[in-house]
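Chains, contacts and geometry: an overview
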Amino acid sequence: MAAESTPKTRGRLMRTVPRLSRFAAEYLLLLPFGAAIALVWANTFPESYFRFSYAAAFAVNDIAMVFFFALMTKEVVEPTAPGGVLHPWRRAWLPVLASVGVTFVPAWLHTLLVGPLDEPMLAQGWPVTFAVDVALSYFVARLIFGARHPAVPFVIVMAIASDALGLLTLAAINPSRPLHPFGGIVFLVVAMALAAWLHRSGSGTSGRTWPDRARSPGSPCTGAARTRR
Amino acid sequence: MTAPRRPTLPAVGLALLLAVAAAAQSLPLPNVPGSLKFAVIGDNGTGDSPQYDVGQQMTAAHKRFPFDLVIMLGDNMYGGQSPADFVKKFEQPYAELLTAGVMFRASLGNHDRPQNVSYELFNMNGQRYYSYVRNNVRFVVIDSTQVDPAQLQWLDTILRDAGEDWTVCYFHHPLYSNAARHGSSVNLRVLLEPLFIKHGVDVVFSGHDHVYERIKPQKGIYYFVSGAAGQLRRGNTRPTDETAAYFDQDQTFMLVEVAGDEMNFAAISRAGKAVDSGIIRRERQ
């Protein structure tokens, strides 16, 4: 009996795990689960939590975020490409301009509140209010509007523009380490050249835009694209 | 010629009362000439009467225990921080000490404006974090509100190069605290404690929680929470196995004396009573 049940269990597992995995990917469940685990962990075993989070900071902030932003870039480029909901650029500017309100109103409120709350040390942290959690925005927008709704790219563009403003402001007024603008510009130029080349090669030959190519098998964005199915 | 008068009963009673009062006011510190003597205050800058009372007790203590340094553990100013506030919340409560030439050296708390590093009487010389030496003691002052990589790098270097007998660190947020309001700053502990252990820090003073608490040595380091020199959260301590002593019924400040390999300390209440005292003996390395 035991010998018969083992292949059965294994078969059930083989079907269930991919189904659960697809469900989790579809609804981006890793984000709320991860946040809940972090919350519980930080409040029960704070020392190990902070040790882990400090140790993982580089891997998460400087490596994993690259892949996350690849996914976000895809989400932005698709709607701004011809036929997309944020095409042409006039439309794409709308969320960018909205991000100005998204950033400056919280910053203004922050500076207004630190006085009455008697937390003057926090006054210098006003650029932090520019930061919008792109991952959470993405998750909530998809939850409310559905994965294919035009509001999703709108929210993402707005969040990314807010973060970009925040990063520029922080870099200008409160850099935590020496800045290397030359290296940054070189990276930016190379990335833009690559994007232009992909765009030209995509629209010139097969009629596919480079986001389509980015989704092709073997591309780094493939995994990210799969999360949308 | 009259015979000397015999002391009457009321006079004897008065003398006894004065003796008891004097004994109550005596400080449990050796008061050795030439030793380093300093006071510790935290979370003091309210400008209210308890702060002034503590200031008076410090002045009284200074007459018997002539410390020439006061270390400030942050939240040196609450609320408004205009020039008039500096007078009301700092210069007046400690006027006699300042006149006597006692030097105050501050660290910043979350209620202090960052610009206060330039206030002359805090002797921070415009620095958020800095270090200085008195006798055989290296004092390291940390800005625990904003611990960035640059500060950690500086801390590592300054602690590594410290050649004095004692290394004392002070800053606002406590790495260990059993007060209910804030408690231990574990996120800071993870960053700072490895450096303290690596470089053999002896004693750490912090405030933030408005109580007095002495922590049992943690990995060889003695920790004090002394954040009640103006503010007070009565009954806020929840002592645990980490707690060596605590007092949360009145405002307090600390007096410390370092002589050779011994550090004597006493926590003094607003009423002038020693609510905790002891000796820390440094192990020669």
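As shown above, the structure is provided for reference.
The text that follows walks through the structure, step by step, so that each part is easy to find. (Residues numbered from 1 in each chain as written. Chains lettered and ligands numbered in written order. Predicted model: local features only at pLDDT ≥ 70, side-chain atom pairs only at ≥ 80, totals over all residues.)

**Overview of the sheet that holds strand S1 (residues 36–41) of chain B**
Residue and element names in this part refer to chain B. With mixed pairing, the six strands of this open sheet are ordered in space as S3-S2-S1-S11-S12-S13. If you trace the sheet from one side to the other, it starts and ends with strand S3 (103–106) and strand S13 (274–281), each paired once. With strand direction ignored, the average angle separating the axes of adjacent strands in the sheet is 20°. The pairing of S1 with strand S2 (residues 69–72) spans four bridges and is classified as parallel. (Pairing = 2+ DSSP bridges. Helix = DSSP H or I, 4+ residues; strand = E, 2+ residues; numbered from the N terminus. Axes fitted to C-alpha atoms, helices over the stretch in contact; angles between N-to-C directions.)

**Description of the interface of chain A and chain B**
Where interface size is given, it is often the accessible area lost as the parts come together that is meant. Facing the twelve residues of chain A at the interface are 15 residues of chain B. The class makeup of the residues in the side of chain A that touches chain B is five nonpolar, two polar and five charged. (Contact = placed C-beta atoms within 7 Å. Nonpolar A, V, L, I, M, F, W, Y, C, P; charged D, E, K, R; others polar.)

**Comments concerning the nonpolar core**
Core analysis: the biggest nonpolar cluster contains 70 residues, and B:Ala39, B:Ile71 and B:Met254 have the highest contact counts within it. Discounting residues that sit within four places of it in the chain, B:Met254 has contacts with B:Ala39, B:Val40, B:Phe224, B:Ser226, B:Phe265, B:Ala266 and B:Ala267. Formed by 19 residues, the second largest nonpolar core is a distinct cluster that contains A:Met72, A:Val76, A:Met158 and A:Ile160. (Core = buried A, V, L, I, M, F, W, Y, C linked by C-beta atoms within 7 Å. Buried ≥ 20, exposed ≤ 12 C-beta atoms within 10 Å, placed from the backbone.)

**Some remarks on the environment of A:Leu86**
Residue and element names in this part refer to chain A. When you line up the elements, Leu86 lands in the loop between helix H4 (57–80) and helix H5 (89–114). For the pair Leu86 and Ala151, spaced 65 residues apart in sequence, the C-alpha to C-alpha distance is 9.9 Å. For Leu86, the residues in contact, after removing those within four places along its chain, are Pro79, Thr80, Arg91, Ala92, Pro153 and Val157.

**Examining helix H6 (residues 134–145) of chain A**
All names here are of chain A. Along its twelve residues, H6 runs 16 Å from first to last C-alpha, staying within 8% of the 16 Å computed at 1.5 Å per residue. On its buried face, H6 is in contact with H4 and helix H7 (151–173). Immediately beyond the C-terminal end of H6, within one or two residues, lies Gly146, with a positive phi of roughly 95°. (Expected span 1.5 Å × (residues − 1).)

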